[in-house]
Amino acid sequence: MRILLLNGNTSESITRALLTEARHNAAPDTTVFAAKCARGAEVVASRSAEVVSAYSMLETIATIKEPYDAVLVGISYDTAVSALRELLAVPVVGMTEAACHVATMVGSRFGVVLPGARNAAFYRERIVACGFEPRLAGMRVIDSSAAALYADPENSLKLIRNASQALVDGEHCDALILAGAALVGLHRKIQPDIPVPVLDGIACGVGMLESLARLNFPKPQAGSYSVPASAELGNIDPALSGLFAHPAGQQS
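Residues take numbers from 1 onward in each chain, read along the sequence in its written order. With pLDDT at 70 or above as the cut-off, local features in this predicted model cover only qualifying residues; side-chain atom pairs require 80 or more to be listed or tallied, and sums for whole chains, interfaces and linings still use all residues. Hydrogens and water molecules were not included; the side-chain quantities draw on all heavy atoms of the structure.

1. A word on the overall build of the chain
So, point 1. A helix here means a DSSP run of H or I that spans at least four residues, while a strand means a run of E at least two residues long, and both kinds are numbered starting from the N terminus. Looking only at helices and strands, the chain features 10 helices and 8 strands.
So, point 2. In terms of C-alpha radius of gyration, the chain reaches 18 Å, essentially the compact-globule figure of 18 Å for 252 residues.
So, point 3. For the chain, the spread of C-alpha atoms along the three principal axes comes to 60 × 35 × 35 Å.
So, point 4. Each residue is assigned to one of three classes by its accessible area relative to the maximum for its type, calculated with a 1.4 Å probe on protein chains only: buried under 20%, partly exposed between the two thresholds, exposed over 50%. For the chain, buried positions account for 50% of its 252 residues.
So, point 5. Considering only contacts within the chain whose residues lie at least 6 apart along the sequence, 68% involve residues at least 24 apart.
So, point 6. Residue-level accessible areas treat just the shown protein chains as cover; the underlying method is Shrake-Rupley with a 1.4 Å probe. Summed over its atoms, the accessible surface of the chain is roughly 11,400 Å², and 53% of this surface lies on carbon and sulfur atoms.
So, point 7. Note that His is not counted, nor are the chain ends; the positive residues are Lys and Arg, and the negative ones are Asp and Glu. Note on charges: their place is set at NZ of Lys, CZ of Arg, CG of Asp or CD of Glu. Put simply, the chain has 20 plus and 24 minus side-chain charges, and the middle of one group is 1 Å from the middle of the other. Atoms counted for the radius of gyration: C-alpha only. Globule rule: 2.2 Å times residue count to the power 0.38. Contacts are assigned to residue pairs with any non-hydrogen atoms lying within 4.5 Å of each other.

The structure is reproduced here in structure tokens:
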């Protein structure tokens, strides 16, 4: 199968890190390729920047010519996941929702380690929207921006270990999620020091999409994720206009 990793950030370095992690976890017969937004924030860190990212993500995916069987949204706010599920005929999974699903299958209650105090509300909102709030044991904030953590991985590991152990000791959680694209791949480095499973959203997302592809569910024909009616949108990129005119590849 072929998985498209769609990064809602514009950072080339983060895109490479996400792609490396995705390929590390992919099955031998799975190909993963990546696309990032050309417009928007280098690292999305606000609700307003996320709105710009969502639009740019739709623009980006509308122009992709390579075939793909599934989409992994590589921005930890799970930006545009619902819109992509509506418009596309293939499975779409967000990295944070994937980690939450897996966390509830390996334990009863899970904790989240995340960068930047401002982000805590955003992740909680996402967890609530996905229905996982009753299983959330707690959150620990690393007092540093995602960009700063990505730039100094050694110091990041120390901060992440301390926050992770504090969640295990204080909240008695059964699993931990490292939230944020800037923390991708660091779970393997701290796992030997942490007594519960440490989860990465990209790793979980790849596994989940491979399972969904094997299950081969059809595109819903009813409900809110069924193919929306064709819509004519003015003054937007022609490729994006075409996606709205022919959602899920349907022809008029």
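2. Remarks on the layout of surface pockets
The probe, sized like a water molecule, is rolled over the atoms to show the empty space still left.
So, point 1. The volume enclosed by the largest pocket comes to roughly 460 Å³.
So, point 2. Among the secondary structure elements, those contributing two or more residues to the lining of the largest pocket are β4 (92-94), α4 (95-106) and α9 (201-215).
So, point 3. When residues of the lining of the largest pocket are assigned to their parent elements, the largest contribution, 3 residues, is made by α9.
So, point 4. For the lining of the largest pocket, the residue count by class is 13 nonpolar, 2 polar and 4 charged. Only protein atoms enter the 1 Å grid, on which a cavity is a set of points fitting a 1.4 Å probe that cannot get out and a pocket is an open set with protein on both sides within 12 Å along at least 5 of 7 lines, lining residues being those with an atom within 4 Å of a point. Grid points are joined across faces, edges and corners, and a volume is the space filled by probe spheres set on the points. When residue character is reported, Ala, Val, Leu, Ile, Met, Phe, Trp, Tyr, Cys and Pro are called nonpolar, Asp, Glu, Lys and Arg charged, and the others, Gly included, polar.

3. Comments concerning the environment of V43
So, point 1. With respect to the element layout, V43 can be found in the loop between β2 (31-36) and α2 (47-62).
So, point 2. In this structure the C-alpha to C-alpha distance between V43 and G8, which are 35 residues apart in sequence, comes to 8.5 Å.

4. Brief notes about the packing of aromatic side chains
So, point 1. Here the aromatic set is Phe, Tyr and Trp, taking the six-membered ring for Trp, and pairing holds for ring centres within 6.5 Å; pairs whose planes are under 30 degrees apart are stacked, those over 60 apart are edge-to-face, and all others are tilted. Enumeration according to the criterion identifies 2 aromatic pairs in this entry.
So, point 2. A ring pair is formed by Y77 and Y123, whose centres lie 5.7 Å apart and whose planes are at 70°; its orientation type is edge-to-face. You can see Y77 sitting in the loop between β3 (70-73) and α3 (81-87) and its partner Y123 sitting in helix α5 (residues 119-129), a full 46 residues away along the chain. There is no split in this pair, since Y77 and Y123 are both buried.
So, point 3. Grouped by ring-pair contacts, the aromatic residues Y77, F122 and Y123 constitute a single cluster.

5. Remarks on the packing of α4 against α9
So, point 1. Structural elements are reduced to axes, namely lines fitted to C-alpha atoms, with helices fitted over the stretch in contact, and the angle between N-to-C directions of any two is expressed from 0 to 180 degrees. Interaxial distance between α4 and α9 falls to 7 Å at its minimum, and their mutual angle equals 80°. One element, α4, and the other, α9, form an angle in the roughly perpendicular class. Across from M95, A98, A99, H101 and V102 in α4, the residues of α9 making contact are G201, I202, C204, G205 and M208.
So, point 2. Taken together, the residues that form the contact of α4 with α9 break down as 7 nonpolar, 3 polar and no charged. Oblique is the label for any angle not covered by the other classes, which are roughly parallel (under 35 degrees), roughly antiparallel (over 145) and roughly perpendicular (65 to 115).

6. Quick look at empty space enclosed by the protein
So, point 1. Summed over all chains, the structure comprises 1 cavity of 30 Å³ or more.
So, point 2. The calculated volume of the largest cavity comes to roughly 30 Å³.
So, point 3. What lines the largest cavity is simply T96, C100, V112, Y123, I127, I177 and A179.
So, point 4. The set of elements that each furnish at least two residues to the lining of the largest cavity consists of α4 and α5.
So, point 5. Each residue belonging to the lining of the largest cavity can be placed in one class, and the counts come to 6 nonpolar, 1 polar and no charged.

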